[in-house]
Amino acid sequence: MREAVFQGSGVAIVTPFHGDSVDLPALGALIDWQIEQHTDAVVICGTTGESAVMTDAEKRRTIEYCVERVNGRVPVIAGSGTNDTAHAVRLSRDAESAGADALLLVTPYYNKATQKGLIAHYRAIADSVSRPCILYNVPSRTGVNITPETCAELAKHENITGIKEASGNLGAVQDIKRLCPEDFYIWSGNDDQIVPICAYGGLGVISVLANIMPAEIHDLTRLCLDNNFIAAGKKQIDLKLLCDAMFCEVNPIPVKTALNLMGRNAGDFRLPMCPPDAAHEELIRRALASYHLI
């Protein structure tokens, strides 16, 4: 029986940039605050961390720094997926040698692999490392969907232990749970679907919203894991307006803006990410104020 990498709230943490470099002290402060607020895992160099615009050397150093700063307090999960399988293998080996506890592997984007190609892609990566591998299904960004049947095939690999499900398709989540073994774990990839996915047997969330509300997302997932779905559902609904505000523009524009407005240094954006327009910044500001975050 394979163990889950974590249960609860994993923060898809932002990467603070300053000029042409990663602001590691600012990242360290965010990591410490997350753990103080009971976040259950740190996901570094993912989509929210703007990994697509980081060099391989930056990714390795940022993962190393995160592992050093976390110092075993919670699991560190490193984003190491890309649309070039050989490159993803190199990134995954780098993340493993940097000390990551697990790997998060987004589907190949733009070239849009077939399901057969996805199986070969993920097996090649999983064969190259010894860390648990978590699939990341986010077709709205990648243009390709991992079907439940493909999940079931990939779950046969000893190193492929779960999926971050951000397709928005709750029927597919049910099919994944039905087709895959008990030790293939599911995490919500959408902050507004934590409760239903946990109700179908998910173990929590890899969250954008946890960047600004770490304790609240931890508490929400704890209610789910304790089978208190009435209270969890109420909390999920209470967070809906703020969740919507965090996606008023492409992630991570709103959440980095929110952190900076809160006085927590999330640093600069890297192009093609840029600050939000004035109307959206005001929407984010009003949402934060309504939840007493500023």
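Quick caveat: nothing in here was measured; it's all calculated off a predicted structure.

What counts as what
Residues numbered from 1 in each chain as written. Predicted model: local features only at pLDDT ≥ 70, side-chain atom pairs only at ≥ 80, totals over all residues. Heavy atoms only, no water. 1 Å grid on protein atoms, 1.4 Å probe; cavity = no way out; pocket = protein on both sides within 12 Å on 5 of 7 lines; lining within 4 Å. Points joined across faces, edges and corners; volume = space filled by probe spheres on them. Helix = DSSP H or I, 4+ residues; strand = E, 2+ residues; numbered from the N terminus. Axes fitted to C-alpha atoms, helices over the stretch in contact; angles between N-to-C directions. Parallel < 35°, antiparallel > 145°, perpendicular 65-115°, else oblique. Left-handed = near helix turned anticlockwise from the far one by under 90°. Contact = heavy atoms within 4.5 Å. Nonpolar A, V, L, I, M, F, W, Y, C, P; charged D, E, K, R; others polar. Salt bridge = Lys/Arg side-chain N within 4 Å of Asp/Glu carboxyl O. Buried < 20%, exposed > 50% of the residue type's maximum accessible area, 1.4 Å probe, protein only. Phe/Tyr/Trp six-rings, centres within 6.5 Å; stacked < 30°, edge-to-face > 60°. Lys NZ or Arg CZ within 6 Å of the ring centre and 35° of its normal. Expected span 1.5 Å × (residues − 1). Pairing = 2+ DSSP bridges.

Draft legend 1. Representation of the layout of surface pockets within the structure. Taken as a whole, the largest pocket encloses approximately 920 Å³ of empty space. For the largest pocket, the lining is made up of 44 residues, of which Thr47, Thr48, Tyr136, Val138 and Arg141 are closest to its centre. Breaking the lining of the largest pocket down by element, the ones donating at least two residues are helix H2 (56-70), strand S6 (102-106), helix H5 (139-142) and helix H11 (240-245). Among the elements that make up the lining of the largest pocket, the one with the highest residue count is H5 (three residues).

Draft legend 2. Structural view of the packing of helix H9 (residues 214-225) against helix H10 (residues 229-238). Running from N to C, H9 and H10 point in directions that differ by 150°, and their axes come no closer than 8 Å. Classed by the angle they form, the pair H9 and H10 counts as roughly antiparallel. Pair H9 / H10 crosses with left-handed handedness. The residues of H10 that touch H9, namely those facing Glu216, Asp219, Leu220, Leu223 and Cys224, are Phe229, Ala231, Ala232, Lys235 and Gln236. Each residue belonging to the contact of H9 with H10 can be placed in one class, and the counts come to six nonpolar, one polar and three charged.

Draft legend 3. Summary view of the pattern of salt bridges. This model, assessed by the stated rule, comprises 18 salt bridges. A salt bridge links Arg61 to Glu64; its shortest N-O distance comes to 3.7 Å. Placement of both Arg61 and Glu64 in helix H2 is noted, with a separation of three residues, approximately one turn of the helix. Notably, a salt bridge pairs Glu281 with Arg285, separated by 3.5 Å at the nearest N-O pair. Of this pair, Glu281 and Arg285 both sit in helix H13 (residues 278-290), four residues apart, roughly one helical turn. Taking relative accessible area as the criterion, Arg285 reaches 34% and is therefore assigned partly exposed. It is possible to trace a salt-bridge network through shared partners that takes in Arg60, Arg61, Glu64, Glu68 and Asp94.

Draft legend 4. Summary view of the environment of Gly72. Tracing the sequence through the fold places Gly72 in the loop between H2 and strand S5 (76-79). Residue Gly72 is classed as exposed on the basis of its relative accessible area of 71%. A C-alpha to C-alpha distance of 11 Å links Gly72 and Val42, two positions 30 residues apart in sequence.

Draft legend 5. Region of the structure containing the packing of aromatic side chains. A complete count under the given rule lists two aromatic pairs for this structure. Between Tyr185 and Trp187, the ring centres sit 6.4 Å apart and the planes meet at 55°, which makes this aromatic pair tilted. Exposure class is identical for Tyr185 and Trp187. Each is buried. Ring pairs connect the aromatic residues Phe6, Tyr185 and Trp187, which therefore count as one cluster. Over the ring of Tyr136 we find Lys164, and its NZ or CZ is 4.1 Å from the ring centre.

Draft legend 6. Spotlight on H9. A rise of 1.5 Å per residue sets the reference length of H9, with its 12 residues, at 16 Å; its end C-alpha atoms lie 17 Å apart and thus fit the reference within 8%. Here H9 has its buried residues at Pro214, Ala215, Ile217, His218, Leu220, Thr221 and Cys224. Positive phi shows up at Asn227, right after H9, with a value of about 65°.

Draft legend 7. Molecular detail of the pairing of strand S10 (residues 204-207). Here S10 shows two buried faces, one formed by Gly204 and Ile206 and the other by Val205 and Ser207. Sheet analysis places strand S1 (residues 8-12) next to S10, joined by four bridges and oriented parallel. In the sheet register, Val11 faces S10, and the bridge partner there is Ser207.

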